[in-house]
Amino acid sequence: MRLLGSSRFAGPIFALAYAFAWVMLWPTEQPYWVLPFGLRFGALLLTRSRDWFWILGAEIIGSAFCEWRSGLPIGGAGFVLGDAPEPLMVAACLWLLRRAHLHASLNTPEDVARLLLSAMVTATVATAGNAAMMASMHPAAPVEMLGTTFGSDLLGNYLGVLLVVPVMILVFRERPTQASMAELLLDGLLVMLPSLAILITLAEYSPQPQFARVLSLAPVLFFAFRHGWRGAGLAMLITSVGLNVTEDMIGRGAPTAAAHLFLAVAGTGTLMLGAATDALRRSSERVAQQNTHLAAANQRLDQLARQLRDAARGNLQAEENLRRHMAAELHDELGQNLTAIQTHLKLAQTRLGSAGLDDIGISINGILGHMRKALHRMLDSLRPSVLDEFGLLRALDEGPIRDMLTAACITYVTDLRGEPRLLDDDTLTAIYRVVQESATNVVRHSGASRMTLRLRIGMRDSGPVAILDIRDNGSGLSANPRPARSDGGRGLQGMSDRITALGGLFRIRPEPVGLHLRVLLRSTSIGSGIGNFPIPGQ
């Protein structure tokens, strides 16, 4: 927000307002406390450089009016050398600093440091220029007096910028929200007014007035922590005005250079602290927003993951249903036809013998037996009937898996505990398929002599859980990291996909010898009439 708007009357109106503010602040000027310098610095900082002639002209008119009212002579070289050079030097410094990217902002500690450093540079240049003018006008003046005047003017100019400019930026550039302003006013009534009362009391009755100055820093720190640089700037200005008014009320005169130096150092620190607090608060808000966005993104990812798991489970169920249907069709159609052919062949066996074709009948009967065995293996791969007939535990312990391993001279050790009725049909089928696939890999690829199966089924807080542990003492993954099945299966990858589709965990643990599979499955439903079964000891 610029101080000068687009209206053609904005310049004259602002010039009148600036001249009025200059006249009001003129009587407050002290050797170590020059608020008009801060007003000039802030006005030049907040306006466009092409509108500075309004500020400079209003300041010259205001200075002339104040000197006339004070009875000082107006005109001549004294007025020109005393009042005109300083505004021009400040304007020149700010023009150069603004080209070096100085802007009216206190949002970050870097902005505060840049602004205060610019204020120090400008105050130094202006004070040095005034000292040079004084030396030229009074060549007989002692060097010590010039040095004292230079130090007091430099401190006063810097303190004027420190106290006035943050308030001007607050009013014209960085206005707080209504809620923040309400909190600021409320804290001003509850904290600042009692603090000023305590300050006045201590300044009047305490034998050490510097104690009151140190104590006055407490509310400034409070406002810096609670309201950032805005609270620090306002609190520092109010405390400084209160200190000067108090010293004047109790008859001690203007505060000393040490008092104003303390204000300058404390004000610089609290303004930096307030900006750092604002930056930290904004960073916390951004982190909170990012956490909110991340939480929403994680929720969407979880939803997509659930949808993918549901889709994978649906595909798995569709595949199992198709396998079950194909197994039923093959059993009913091809199995019955093979049985009918064998029956007809047996009935025709006498006639084939009388015709001398016994060998043909025996050959056909052998082919039919081989076809029946192949059909039995195909039906078992499509849908393990032993799982429906014996149940999971007995199917794993006594079914075709043991027969296959025993035929391959592989020792098969089982340790099965728990209640399979806790698990849904998909989980039961997945467990059997994983063990079946593992046994097939052990027989065809590992060269192992021993396979150990460990199964635990029970209840946890999340519901029914099955933990499957399969080990062998074969070659492991070093020889063939992903054994492929000759019948079209995908080995370990197929097992992993099946478990992942059910929302389980599939892990291959490194072992010095052999392969170690660890599977965790959580069932989605509990069989009717089943109570709360703990997981047996592992």
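Would you mind showing me how to read the overall build of the chain here?
Looking only at helices and strands, one finds 18 helices and five strands in the chain. Residue pairs in contact within the chain that sit at least 24 positions apart in sequence constitute 75% of those at least 6 positions apart. Of the roughly 28300 Å² of accessible surface on the chain, a fraction of 62% belongs to carbon and sulfur atoms.

Looking at this model, I keep getting lost on the packing of aromatic side chains. Mind explaining?
The geometry of an aromatic ring pair is captured by two quantities: the separation of the ring centres and the angle between the planes. A complete count under the given rule lists five aromatic pairs for this structure. Between Phe14 and Tyr18, the aromatic rings sit 6.3 Å apart at their centres with planes inclined by 35 degrees, giving tilted as the arrangement. Separated by four residues within a single helix, Phe14 and Tyr18 lie in helix α1 (residues 10-25), roughly one turn from each other. Of the two residues examined, Phe14 and Tyr18, each falls in the buried class. Members of the aromatic cluster, connected to one another through ring pairs, are Phe14, Tyr18, Trp22 and Trp26. In this structure, Arg394 is placed above the aromatic ring of Phe390, and the distance from its NZ or CZ to the ring centre is 4.2 Å.

Explain unusual backbone geometry to me, please; I cannot follow it from the model alone.
Among all residues except glycine, the phi angle is most often negative; among peptide bonds, the trans geometry is most common. A positive phi angle is found at His101, which is not glycine, with a value near 75 degrees. With respect to the helices and strands, His101 occurs in the loop between α5 (85-99) and α6 (109-137).

Got a minute to help me understand the pairing of strand β2 (residues 450-460) in this structure?
Within a regular strand, the side chains alternate between the two sheet faces. Alignment of strand β1 (residues 411-417) against β2, held across seven bridges, turns out to be parallel. Its bridge partner being in β2, Leu416 is matched across the sheet by Leu455. With helix α17 (residues 425-446) bridging β1 and the parallel β2, this β-α-β connection has left-handed handedness. Sheet analysis places β2 next to strand β3 (residues 463-472), joined by ten bridges and oriented antiparallel. Considered in β3, the bridge of Ile457 is made with Ala466.

For this particular structure, what's the right way to read the nonpolar core?
Ranked by size, the top nonpolar core spans 60 residues in total, and within it Tyr18, Phe41, Leu115 and Ile169 carry the most contacts. Take this core: its biggest share by element is twelve residues, from helix α7 (residues 143-172). With sequence-adjacent residues up to four places away left out, Tyr18 is seen in contact with Leu39, Arg40, Ala43, Ile55, Ala58 and Glu59. One finds Met459, Met495, Leu515 and Leu521 within the second-largest nonpolar core, a separate group that totals 39 residues.

Can you walk me through a nonpolar patch on the surface in this structure?
A cluster of nonpolar side chains, contributed by Leu186, Leu189, Leu190 and Leu193, occupies part of the molecular surface with about 420 Å² of accessible area. Tracing the backbone shows Leu186 in helix α8 (residues 178-205). Taking relative accessible area as the criterion, Leu186 reaches 47% and is therefore assigned partly exposed.

Would you explain the packing of helix α3 (residues 52-69) against α5 in this entry?
In a packed pair of helices, the relevant descriptors are the angle between the two axes and the axis-to-axis distance. The geometry of α3 relative to α5 is characterised by a closest axis approach of 11 Å and an angle of 155 degrees between their N-to-C directions. As judged from the angle between their axes, α3 and α5 are roughly antiparallel. Crossing geometry of α3 relative to α5 is assigned as right-handed. Where α3 approaches α5, its residues Trp52, Leu56 and Glu59 are matched on the opposing element by Pro87, Leu88, Ala91, Leu94, Trp95 and Arg98. Along the lines of polarity and charge, the residues of the contact of α3 with α5 split into seven nonpolar, no polar and two charged.

Which parts of the structure should I look at to understand the environment of Gln493?
Assignment of secondary structure puts Gln493 in helix α18 (residues 491-501). Within the structure, Gln493 has its side chain in polar contact with the side chain of Asp497 (distance 2.8 Å).

Can you walk me through the pairing of β3 in this structure?
When you tally the buried positions in β3, you get nine out of ten residues, the bulk of the element. Connecting β2 to the next strand, β3, in antiparallel fashion are two residues. Inspection of the sheet shows β3 paired to strand β5 (residues 516-522) by seven bridges, in the antiparallel sense. Each residue of the ladder has a partner; that of Asp469, found in β5, is Arg518.

Would you take a moment to explain the side chain of Asp278 for this structure?
Its location among the elements puts Asp278 in helix α11 (residues 257-347). Asp278 sits in the buried class, given a relative accessible area of 6%. Beyond its immediate chain neighbours, meaning those up to four positions away, Asp278 contacts Asn107, His227, Gly228, Trp229 and Arg230.

Sorry, what's going on with the pattern of salt bridges here?
Should their charged atoms come close, side chains of opposite charge can pair. Going through the model one piece at a time under the given rule, you end up with 15 salt bridges. For Arg40, the salt bridge is made with Glu59, and the minimal N-O distance between the two is 2.6 Å. Taken together, the residues span a long stretch of sequence, with Arg40 in helix α2 (residues 35-46) and Glu59 in helix α3 at a distance of 19 residues. Arg114 is paired through a salt bridge with Asp111; the nearest N and O atoms lie 3.0 Å apart. Taken together, the residues Arg114 and Asp111, both in helix α6 and three residues apart, mark about one turn of the helix. In this structure Arg114 comes out as partly exposed when scored by relative accessible area, which is 33%.

Hey, could you run me through the sheet that holds β3 in this one?
What links the strands of a sheet is backbone hydrogen bonding, and the strands pair in either a parallel or an antiparallel sense. As summarised here, the arrangement of the five strands in space is β1-β2-β3-β5-β4, forming an open sheet in which the pairing is mixed. One side of each edge strand has no neighbouring strand; the edge strands of this open sheet are β1 and β4 (505-509). On average, adjacent strands in this sheet sit at an angle of 10 degrees to one another, irrespective of strand direction. In the sheet, β4 pairs with β5 via five bridges, with the strands oriented antiparallel. Each residue of the ladder has a partner; that of Ile508, found in β5, is Leu517. Against the sheet, α18 contacts β4 and β5, and its axis sits at roughly 145 degrees relative to β4.

For this particular structure, what's the right way to read empty space enclosed by the protein?
A probe matching the size of a water molecule, rolled over the atoms, marks out where space remains unfilled. For the coordinates displayed, the defined rule picks out three cavities of 30 Å³ or more. The wall of the second largest cavity is formed by Leu162, Leu163, Ala232, Gly233, Met236, Gly267, Thr270 and Leu271. A per-class count over the lining of the second largest cavity returns five nonpolar, three polar and no charged.

Reading the values: rules and limits
Counting starts from 1 at the beginning of each chain's written sequence and moves along it residue by residue. Residues qualify for local features only when their pLDDT is at least 70, as the model is predicted, and side-chain atom pairs are given and counted only at 80 or more; totals for whole chains, interfaces and linings, by contrast, use all residues. Side-chain numbers come from the whole structure's heavy atoms, not from hydrogens or water. Comment: elements are numbered from the N terminus, with helices defined as DSSP H or I runs of at least four residues and strands as E runs of at least two. We call two residues in contact when some of their heavy atoms are within 4.5 Å. All accessible areas in this document rest on Shrake-Rupley with a 1.4 Å probe, and a residue is counted as covered only by the protein chains that are shown. Aromatic rings from Phe, Tyr and Trp, with only the six-membered ring used for Trp, were paired whenever their centres fell within 6.5 Å, and each pair was classed as stacked if the ring planes differed by under 30 degrees, edge-to-face if by over 60, and tilted otherwise. Three labels apply to residues, based on accessible area from a 1.4 Å probe with only protein chains included: buried if under 20% of the type maximum, exposed if over 50%, partly exposed otherwise in between. For a ring to carry a charge above it, either NZ of a lysine or CZ of an arginine must fall within 6 Å of the ring centroid while also lying within 35 degrees of the normal to the ring plane. When DSSP finds two or more bridges between a pair of strands, those strands are recorded as paired. A right-handed crossover is one whose linking path, passing over the helix from the first strand to the second, runs clockwise when the strands point away from the viewer. By nonpolar core we mean a set of buried residues, namely Ala, Val, Leu, Ile, Met, Phe, Trp, Tyr and Cys, connected to one another through side-chain atoms within 4.5 Å. To count toward a patch, a residue needs a relative accessible area over 30% and no salt bridge; like charges are then connected within 9 Å, while nonpolar side chains (Val, Leu, Ile, Met, Phe, Trp, Tyr) are connected within 5 Å. By salt bridge we mean one thing: a side-chain nitrogen of Lys or Arg within 4 Å of a carboxyl oxygen of Asp or Glu. Axes here mean lines fitted to C-alpha atoms, for a helix over just the part in contact, with angles spanning 0 to 180 degrees between N-to-C directions. Any angle that is under 35 degrees is reported as roughly parallel, and any over 145 degrees as roughly antiparallel; angles of 65 to 115 degrees are reported as roughly perpendicular and all others as oblique. Note: crossing handedness is left-handed where the near helix turns anticlockwise from the far helix by less than a right angle, and right-handed where it turns clockwise. In this count, Pro and Cys sit with the nonpolar residues alongside Ala, Val, Leu, Ile, Met, Phe, Trp and Tyr, while Asp, Glu, Lys and Arg are called charged and the others, Gly among them, polar. Any N or O atom pair separated by 3.5 Å or less is treated as a polar contact, with the protein-specific requirement of one donor-capable and one acceptor-capable atom, and with residues adjacent in sequence counted only for side-chain atom pairs. Both cavities and pockets are sets of points on a 1 Å grid over the protein atoms alone; in a cavity a 1.4 Å probe fits but cannot get out, in a pocket the set is open with protein on both sides within 12 Å along at least five of seven lines, and lining residues sit with an atom within 4 Å of a point. Grid points are joined across faces, edges and corners, and a volume is the space filled by probe spheres set on the points.

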